[in-house]
Structure formats: C-alpha cells, structure tokens
Amino acid sequence: MTEAITSKRVRIESIDVVRGVIMIFMALDHTRDFFGVPGVSPTDPATTTFPLFFTRWITHFCAPVFFLLTGTGAYLSLRKKSKGELSRFLFTRGLWLIFLELTVTRCLGWQFNFDYHVTLLLVLWALGWAMIVLSALVYLPAAVVATFGAVMIASHNLLDSVQSSNPLWSILHSPNFIVNHPGRIVFVTYALIPWVGVTAAGYGLGQIYRWPSERRKAFLLPLGIGLVVAFFILRGVNIYGDPSRWNTQRSAAFTVLSFLNTTKYPPSLLYLLMTLGPAMLFLWAVDAGTPGWLRPALTIGKVPMFYYLLHIPLIHLIAVGVCYARYGQAHWMFESPGLGEFPITPPPGWGYSLPIVYLVWAGVVLTLYPLCLWFAGLKQRRSDAWLSYF
C-alpha cells in the first residue's frame, strides 16, 4: 500500500521548486502591502527608488508563473486522470477557488471584516475562472490549447483601445468597478484576459515534461532566450505590446526603470514576455535537480495553495500586533471603507522602511516553512480527495 501511494505522488521537482520560489516572493509583495509606506507608487520612475522598484519588480514574476504552472500541472494530471476526470476536477476546483476568494481570503485574510464594503477580485478569482475555461479546453489536443493561449497573449493588447465601463468588459479585460455604490464596492483587479491564455499556454507546455530531460532542456533554453529577446525588441520599438510606453527620464538609470515598467493589470504582452522568458530559463536551470539551498522552496512549491491561504492572514495578524503595540489600539487593521484603504486603513504615520518589510517577510516565510513541510508530508502519505483542493 505504501508503494502504491508513493507512486501516485511522483512529482516533477523543477516545477515545484520554481513554483516555490515565486510563492516566497509573493509573500514579499503582500508584506509590503501591509507594512510599506502608503501612497508611494513603487513602479513610477518619477517618484520611486531603485530598491523599492525592484522589490516590486521581482514580484511581477509570481502571478504569470503561477498561472502558467497551473496549466502545466493540469496537463501532467493526465498521467493518472482521464480527460473527463480532469475536466470535472478543474471545474470544481475553479469554483472552489472563486469561493475562497470571495469568502476566506477576503474576510479572514486581506480585510479581517465581514462588512463587504470593499471587495477586490484578485488572483484566486482569475485562477478559478482560468481553470473552469481549461476544463472545457482539455478535450482539445494540447497543441491547439497552447496555440489558443499564445494567440490570446500575443493579440490581447489590440483591445487596449476599447474603452468601456460595462461590468462584463471589466471582468474580461479592463480592470474596473463592477459595483460602485456608497458603502459597497466590487473592483476587478485580475481581468480574465489574458490570464486564461497563460494557463492554456501552460497546459501546452506540459507536453514537454513527457520528454527526456536533455530534449526538454534543449527546448526550454532557446524558448526562454527567445522570449527575453522578443521583450527587448518589442519594448525597444515602443509601438505595440504595452499600453504604457517607456520614455526618457531624469537619468539613464531611471530610463531603464521606465523601460522595465510594464503593465500588469491586465498583464500586457511585454509584461508576460519579461516574466515568462526568465521563468523558462529558471525551469531549464533546475531541470537536472534541485540545488541544496533551494530545497525549502521545493517544499513550499509542493503545497502552494496551503501556503497561499496561510500567508496573507499571518501577515495581517503581525500587522495587528505591531499596530496595537505602537498605538495601543488596532481598529484600523479591521477597516477598509474604500478602495484607497485596501487592505487596511493606515493609522497616522503608518508605514515602514524596506529593511523592516524584508525582516517581516523573512519571519513570515520561516514561520510557514515547518507547516508546509508537515502538510507536504501529509499529502505524500495520504490520498484523501479533499487534500487535492489544498
């Protein structure tokens, strides 16, 4: 029985370690959301600093890689699921993620309240819908699914000129309010296009993980280089691929920041080339095995949803404790009356320097690691159906 369960838990380490690294960086961005200085844009070359810009920039890799590898993981599930079983799993898991976004992460993670004055539709919302769409696409050949994803990624910026506040268009491509009444706001942050395409492209990428390692590496290396080169060429031309053009700044160094400052909401073609190209190179670099210093990331990458659901409330709890110790009260940490006060209402003088943000981030990751180690072991030992939803 032990051998049977172990054989069902065979995983591809390179995928897990890359996913684990981006989950760790994700916690950095969310720590900055709670502890950073309010009102300072980390990506505006006119006002940012180099440390702040690159603190935000490195976390740009998180969502694209997470969506991509979700599709890859779905394809690899065909080793033990029929297409019908995979389709049903993706559909129900997608609904589950949307439910989690609207309830658990909204009320017990980001905001610590149940008033629903402000609701943001974030990454789990888009990931859930991407899985639901993929649940239909899995009946097509993987190459067709990959082509669908690539075309969506490459062409969706043609829609940038469409200006509409229609709720459906906001959900699909243009982040905006879908409910905007006094005391009740629902804002789409993660529009579905092209995140659905990134997941579909990841499904197609899964095919290469049936190849021998050397053939796979021979594919990943030129793919990664090609995507990076395409980014530099298209960004240099400065005509298509991102609604925001780069321009000359007060110095050459800040002009570089403008060059790298691509659009995430929705993720532009250039944003995705800038992030997925290096991701392919990372997958290539760790294909032969996980270096010892990355083993903790490998553990986290095996339980990404478990880690995700824990790290936001943990960061928020730390913020509550710090606020109470500093001010003698912490009601601000439970209040989000408007979009400008998400995820918390900053108390007077709230906000900490980047070294403090990094210190809190390290504490969060170190606290979660043993829990992830335990849960990864539990998933390895047991085959309960409910575990697959975490």
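Since the structure is predicted, the reported quantities are computational estimates derived from the model, not experimental observations.

1. Things to note about the pairing of strand S1 (residues 118–121)
Consideration 1: Neither face of S1 is left uncovered, since the one carrying Val118 and Leu120 and the one carrying Thr119 and Leu121 both have all their residues buried.
Consideration 2: Here S1 runs beside strand S3 (residues 184–188); their pairing, made up of four bridges, is parallel. Across the sheet, threonine 119 pairs through a bridge with valine 186, a residue of S3.

2. Re the side chain of serine 14
Consideration 1: By secondary structure assignment, the location of serine 14 is in helix H2 (residues 13–35).
Consideration 2: By relative accessible area, which is 3% here, serine 14 ends up buried.
Consideration 3: Look past the residues within four positions of serine 14 in its chain and what remains in contact with it is Tyr209, Leu283, Val286 and Asp287.

3. Regarding a nonpolar patch on the surface
Consideration 1: A contiguous nonpolar patch, built from Ile225, Val229, Ile233, Val237 and Ile239 and spanning about 460 Å² of accessible area, is present on the exposed surface.
Consideration 2: Structurally, valine 229 can be placed in helix H10 (residues 213–237).
Consideration 3: On the accessibility criterion, valine 229 (41% relative accessible area) is partly exposed.

4. Here we look at the packing of H10 against helix H11 (residues 252–260)
Consideration 1: Two elements in contact, H10 and H11, have axes separated by 10 Å at closest approach and are oriented at 105 degrees. In terms of orientation, H10 lies roughly perpendicular with respect to H11. Residues Phe231, Phe232, Arg235 and Gly236 of H10 form the contact with H11, whose own contacting residues are Ser258, Phe259 and Leu260.
Consideration 2: Here the residues of the contact of H10 with H11 are counted per class, giving four nonpolar, two polar and one charged.

5. Looking at unusual backbone geometry
Leaving glycine out, the prevailing phi sign among residues is negative, and the prevailing peptide bond configuration is trans.
Consideration 1: Look at the link from isoleucine 193 to proline 194: it is a cis peptide, with omega at 10 degrees.
Consideration 2: Relative to the elements of secondary structure, proline 194 occurs in helix H9 (residues 192–205).
Consideration 3: Residues phenylalanine 342 and proline 343 are joined by a peptide bond in cis, for which omega reads 0 degrees.
Consideration 4: Phi at phenylalanine 112 is positive, roughly 55 degrees, even though this residue is not glycine.
Consideration 5: Structurally, phenylalanine 112 is set in the loop between helix H5 (83–110) and S1.
Consideration 6: The buried category is assigned to phenylalanine 112, whose relative accessible area is 16%.
Consideration 7: At tyrosine 116, a residue that is not glycine, the phi angle is positive and equals roughly 55 degrees.
Consideration 8: Exposure remark for tyrosine 116: the relative accessible area of 28% places this residue in the partly exposed category.

Analysis parameters
Residues numbered from 1 in each chain as written. Predicted model: local features only at pLDDT ≥ 70, side-chain atom pairs only at ≥ 80, totals over all residues. Heavy atoms only, no water. Buried < 20%, exposed > 50% of the residue type's maximum accessible area, 1.4 Å probe, protein only. Helix = DSSP H or I, 4+ residues; strand = E, 2+ residues; numbered from the N terminus. Pairing = 2+ DSSP bridges. Contact = heavy atoms within 4.5 Å. Patch = residues over 30% accessible without salt bridge, like charges linked within 9 Å, V, L, I, M, F, W, Y side chains within 5 Å. Areas by Shrake-Rupley, 256 points an atom, 1.4 Å probe, with all protein chains shown as cover. Salt bridge = Lys/Arg side-chain N within 4 Å of Asp/Glu carboxyl O. Axes fitted to C-alpha atoms, helices over the stretch in contact; angles between N-to-C directions. Parallel < 35°, antiparallel > 145°, perpendicular 65-115°, else oblique. Nonpolar A, V, L, I, M, F, W, Y, C, P; charged D, E, K, R; others polar.

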